[in-house]
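Residue strings, one per chain:
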Amino acid sequence: PSGTPLGPLGRLSRRVQAAVFPTPDLVLFLDASGATMHHRSGEHSEQTLEEWRAAYRRLRGSVRSLEVVDAERPADVVRRDAQQRVWRRYADRAAGAA
């Protein structure tokens, strides 16, 4: 979600991008509650952040390579988890090429 509704040109742009750009091998969704994200940044309301979180979580059904990372944990733990997932994806690709 962008926070603002897309007009016709924005929707067309998204369709063109989906057709032109390759599908990512891995998408990491750093999942944290709206309360946590509001506490960390204060940029948007907890309710808005929760609505966006729900929208991103719904992508799990349509984005094959999406993995959810629990971002409620300390930043260094989240970073290590994300790095491990990236390196595991590289290893899986390398094993498939061999």
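Structure shown above.
The following paragraphs examine the structure supplied in this document.

Quick notes on the rules
- Residues numbered from 1 in each chain as written.
- Predicted model: local features only at pLDDT ≥ 70, side-chain atom pairs only at ≥ 80, totals over all residues.
- Heavy atoms only, no water.
- Salt bridge = Lys/Arg side-chain N within 4 Å of Asp/Glu carboxyl O.
- Helix = DSSP H or I, 4+ residues; strand = E, 2+ residues; numbered from the N terminus.
- Buried < 20%, exposed > 50% of the residue type's maximum accessible area, 1.4 Å probe, protein only.
- Axes fitted to C-alpha atoms, helices over the stretch in contact; angles between N-to-C directions.
- Parallel < 35°, antiparallel > 145°, perpendicular 65-115°, else oblique.
- Left-handed = near helix turned anticlockwise from the far one by under 90°.
- Contact = heavy atoms within 4.5 Å.
- Nonpolar A, V, L, I, M, F, W, Y, C, P; charged D, E, K, R; others polar.
- Patch = residues over 30% accessible without salt bridge, like charges linked within 9 Å, V, L, I, M, F, W, Y side chains within 5 Å.
- Areas by Shrake-Rupley, 256 points an atom, 1.4 Å probe, with all protein chains shown as cover.
- Polar contact = N/O pair within 3.5 Å; in protein donor to acceptor, adjacent residues only side chain to side chain.

## A word on the pattern of salt bridges
So, point 1. One pass over the structure, following the stated rule, counts nine salt bridges.
So, point 2. One salt bridge connects Arg-80 with Asp-76, and the closest N-O pair in it is separated by 3.5 Å. Of the two residues, Arg-80 and Asp-76 both sit in helix α4 (residues 75-97), four residues apart, roughly one turn of that helix.
So, point 3. Judged by relative accessible area, which is 40%, Arg-80 ranks as partly exposed.
So, point 4. The class for Asp-76 is partly exposed, based on a relative accessible area of 36%.
So, point 5. Note that Arg-85 and Asp-81 form a salt bridge whose closest N and O atoms lie 2.8 Å from each other. Of this pair, Arg-85 and Asp-81 both sit in helix α4, four residues apart, which is roughly one turn of the helix.

## Here's the deal with the packing of helix α2 (residues 34-41) against helix α3 (residues 46-58)
So, point 1. In the contact formed by α2 and α3, the axes pass within 8 Å of each other and the chain directions differ by 125°. By the angle between their axes, α2 is oblique relative to α3. Pair α2 / α3 crosses with right-handed handedness. Residues Gly-34, Ala-35, Met-37 and His-38 of α2 form the contact with α3, whose own contacting residues are Glu-46, Leu-49 and Glu-50.
So, point 2. Looking at the contact of α2 with α3, its residues break down into three nonpolar, two polar and two charged.

## Here we look at a nonpolar patch on the surface
So, point 1. Taken together, Leu-9, Leu-12, Val-16, Val-20 and Phe-21 make up a surface patch of nonpolar side chains, about 530 Å² in accessible area.
So, point 2. On the secondary structure map, Val-20 appears in helix α1 (residues 8-20).

## Quick word on the side chain of Thr-36
So, point 1. Within the secondary structure, Thr-36 sits in helix α2.
So, point 2. Polar side-chain contacts of Thr-36 include one of 2.7 Å to the side chain of Glu-72.

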